[in-house]
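These are the residues of each chain, in order.
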Amino acid sequence: RHLTLTRDAAAAMSFFSFGQSAEIDVVLNDAETRKKVEHKSEDGKKDKYFLFYDGETVSGKVNVTLKSPGKRLEHQGIKIEFIGQIELYYDRGNHHEFVSLVKDLARPGELTQSQTFDFEFTHVEKPYESYTGQNVKLRYFLRATVSRRLNDISKEMDIVVHTLSTYPEMNSSIKMEVGIEDCLHIEFEYNKSKYHLKDVIVGKIYFLLVRIKIKHMEIDIIKRETTGTGPNVYHENDTIAKYEIMDGAPVRGESIPIRLFLAGYEMTPTMRDINKKFSVRYYLNLVLIDEEERRYFKQQEITLWRKGDIVRKSMSHQASIAAQRFEGSASAEKALAQAKEENS
Amino acid sequence: MSDAAVADTRRLNSKPQDLSDAYGPPSNFLEIDVYDPQTVGVGRNRYTTYEVRMRTNLPIFKLKESCVRRRYSDFEWLKNELERDSKIVVPPLPGKALKRQLPFRGDEGIFEESFIEERRVGLEQFINRIAGHPLAQNERCLHMFLQEESIDRNYIPGKV
């Protein structure tokens, strides 16, 4: 039996999914080889996503699979977008897109069977690092859409972007004398002002004058996320680490060493005024606590950066590998021995 | 230059510590005892005083040893002065015990031994916490409380 449907009834039917629908699937071409990294979502859950760097090409395939085979799918166009956006949690309606690329995959028409479409976004600019914070989120994602009159079908695939830096040319140490007159004078020093995420903070605290009874000293790492501009600036402070460096009462002339390995803590690179929307900055807070639980502290900003994981072999070692390939074993052994000598 | 893959974790250079600094007397000695409660006066006008003895080598205190007699309302006065003039969060005093001052009690009220001991402990904790605070040490009211024989309620408040 055939039912003759009016247009309104057909609309109602598709609303209740009796009409044709489709599933969209986005697959990257280098899914097998591309590295995945963990990234925390807004609700604190950790998931793995494909990792991309600035300038890399994003290419793959969009699979549109018809749910009811045999029936045709009418559509108003099929496209895929690459989007980089900043979302402020207190202003969810407004997404600030700083990267927005689109590729049309199909003109309006109809699909009679499931189909796969290729896409490539060449050398995409990804200027900022992916970030999920307390009040703001910066994310990159692919969104494939099958446009329809009433309701679009779309699928999003998030990726994670890391921004890399190299060793800064200028990296002065932080050295300062602070105190409370006649009460407590200290000189503190941290070996650098810019640290990479797997670096070590090496420093010391030197006591010039101690007239209070100190019970304990620690270094805290504080992350400050700043959102908003002008009069509506909002800071969210989060103590990422508390690391005790001294237990007991120091006297004048004593020097306390600091050695804090950053790799153990979940941190991001310092992000300054990203797209004029937010900042993420890190501070070292030196805290002294006396016997009456009074706290004396000094805060100092540090810059964190992300180092690339690429391992560089020395030139002579690379030359010896080349020698092994093209020449006899004797000369290759000589080259290897030479390289070992140079390296030791 | 050492290989960048191995982090430079060497200690930073420090001045060697002077032996006199290492073995010298600590410059932060401060001890205050609140003890020897005595009931003064007769009948309705009785009150309890406590001996407040301070020993210190902090340079900010004129006397390295002092001994004065104070009553609960003197401690209250000190707390009020500090709350008004200094920026510190003043710790709480032991309770005022107004209920104990009502008539027809079964016990000695505010002259009950256990109560006096409880109050003595609370006052001792209070004065030790305050006297060690660098900002409180700047206030004239603290020095007058600890080191002058009597408290002049008409004094001119200010910093030392």
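Residues numbered from 1 in each chain as written. Chains lettered and ligands numbered in written order. Predicted model: local features only at pLDDT ≥ 70, side-chain atom pairs only at ≥ 80, totals over all residues. Heavy atoms only, no water.

If you check an unreviewed UniProt entry, chain B appears there as PX domain-containing protein from Denticeps clupeoides. According to the UniProt record, the Sequence similarities (unreviewed entry) comment for chain B is "Belongs to the sorting nexin family." (UniProt positions renumbered as here; feature names shortened; annotations may be inferred.)

The name that an unreviewed UniProt entry assigns to chain A is Vacuolar protein sorting-associated protein 26B, with the source organism given as Denticeps clupeoides. Of the comments in the UniProt record for chain A, the one headed Sequence similarities (unreviewed entry) reads "Belongs to the VPS26 family."

(A) Highlighting the overall build of chain B. For chain B, the count of helices and strands is 4 helices and 3 strands. Listed by position from the N terminus, the elements making up chain B come as α-β-β-β-α-α-α. Its C-alpha atoms give chain B a radius of gyration of 23 Å, more than 25% over the compact-globule value 15 Å for 160 residues. Expressed as lengths along the three principal axes of its C-alpha atoms, the size of chain B is roughly 85 × 35 × 30 Å. For chain B, buried positions account for 37% of its 160 residues. For chain B, long-range pairs separated by at least 24 residues make up 53% of all intrachain contacts whose partners lie at least 6 apart in sequence. Summed over its atoms, the accessible surface of chain B is roughly 10200 Å², and 51% of this surface lies on carbon and sulfur atoms. Positive and negative side-chain charges of chain B, numbering 25 and 25 respectively, have mean locations separated by a distance of 4 Å. (Helix = DSSP H or I, 4+ residues; strand = E, 2+ residues; numbered from the N terminus. Rg over C-alpha atoms; globule rule 2.2 N^0.38 Å. Buried < 20%, exposed > 50% of the residue type's maximum accessible area, 1.4 Å probe, protein only. Contact = heavy atoms within 4.5 Å. Areas by Shrake-Rupley, 256 points an atom, 1.4 Å probe, with all protein chains shown as cover. Lys, Arg positive; Asp, Glu negative; His and termini not counted. Charge placed at Lys NZ, Arg CZ, Asp CG, Glu CD.)

(B) Geometry of helix α2 (residues 72–85) of chain B. All names here are of chain B. Helix length check: α2 (14 residues) gives 20 Å between terminal C-alpha atoms against 20 Å at 1.5 Å per residue, within 8%. Among the residues of α2, Y72, D74, F75, W77, L78, K79, E81 and L82 are the ones counted as buried. Where α2 is buried, its residues contact β2 (47–56), β3 (65–71), α3 (113–131) and α4 (140–147). (Expected span 1.5 Å × (residues − 1).)

(C) Region of interest: the nonpolar core. With 74 residues, the main nonpolar core has L142(A), Y190(A), I205(A), F207(A) and L286(A) as its most contacted residues. The residues contacting I205(A), other than those within four sequence positions of it, are I186(A), E187(A), F188(A), M217(A), I245(A), E254(A), S255(A), I256(A), I258(A) and L286(A). Residues I32(B), L93(B), I116(B) and C141(B) belong to the second largest nonpolar core, which totals 31 residues. (Core = buried A, V, L, I, M, F, W, Y, C linked by side-chain atoms within 4.5 Å.)

(D) How the structure looks around the interface of chain B and chain A. Taken together, the 22 residues of chain B in the interface contact 26 residues of chain A. Carbon and sulfur atoms supply 52% of the area buried between chain B and chain A, which totals about 2200 Å² over both sides. In terms of surface lost to chain A, no three residues of chain B exceed L12(B), K15(B) and N28(B), which account for 26% of the buried area on that side. In this assembly, chain B and chain A are joined by 2 salt bridges. Residue E292(A) is joined to R129(B) by a salt bridge in which the shortest nitrogen-to-oxygen separation is 3.4 Å. (Buried area = accessible area lost by both parts, 1.4 Å probe. Salt bridge = Lys/Arg side-chain N within 4 Å of Asp/Glu carboxyl O.)

(E) Inspection of the packing of aromatic side chains at higher detail. Taken as a whole, this structure holds 11 aromatic pairs over all chains when the rule is applied. Each ring, one from F119(A) and one from F121(A), has its centre 5.9 Å from the other, and the planes form 55 degrees; the classification is tilted. Overall, F119(A) belongs to the buried group, its relative accessible area being 5%. F121(A) sits in the buried class, given a relative accessible area of 3%. Taking 6.4 Å as the distance between ring centres and 65 degrees as the angle between the ring planes, the aromatic pair formed by F75(B) and F126(B) counts as edge-to-face. Separated by 51 residues along the polypeptide, F75(B) in helix α2 and F126(B) in helix α3 bring together distant segments of the chain. Overall, F75(B) belongs to the buried group, its relative accessible area being 0%. Joined through ring pairs, the aromatic side chains of F82(A), F98(A), F119(A), F121(A), Y128(A) and Y140(A) make up one cluster. (Phe/Tyr/Trp six-rings, centres within 6.5 Å; stacked < 30°, edge-to-face > 60°.)

(F) Up close: the packing of α3(B) against α4(B). Residue and element names in this part refer to chain B. Relative orientation of the contacting elements α3 and α4 amounts to 135 degrees, with a least axis distance of 11 Å. It follows that α3 is oblique to α4 by the angle criterion. Between α3 and α4 lies a crossing whose hand is left-handed. Contact residues: I127, I130 and A131 in α3; L142, F145 and L146 in α4. In the contact of α3 with α4, the residues fall into 6 nonpolar, no polar and no charged. (Axes fitted to C-alpha atoms, helices over the stretch in contact; angles between N-to-C directions. Parallel < 35°, antiparallel > 145°, perpendicular 65-115°, else oblique. Left-handed = near helix turned anticlockwise from the far one by under 90°. Nonpolar A, V, L, I, M, F, W, Y, C, P; charged D, E, K, R; others polar.)

(G) The sheet that holds strand β1 (residues 22–28) of chain A, seen in detail. All names here are of chain A. Ordered by their spatial adjacency, 3 strands build an open sheet running β1-β4-β9, and the pairing between neighbours is antiparallel. The open sheet terminates on both sides in strands that have one partner only, identified here as β1 and β9 (115–121). Along the sheet, successive strands turn relative to each other by an average axial angle of 20 degrees, direction set aside. By the bridge criterion, 7 bridges tie strand β4 (residues 58–66) to β9 in an arrangement that is antiparallel. Each residue of the ladder has a partner; that of G60, found in β9, is F119. (Pairing = 2+ DSSP bridges.)

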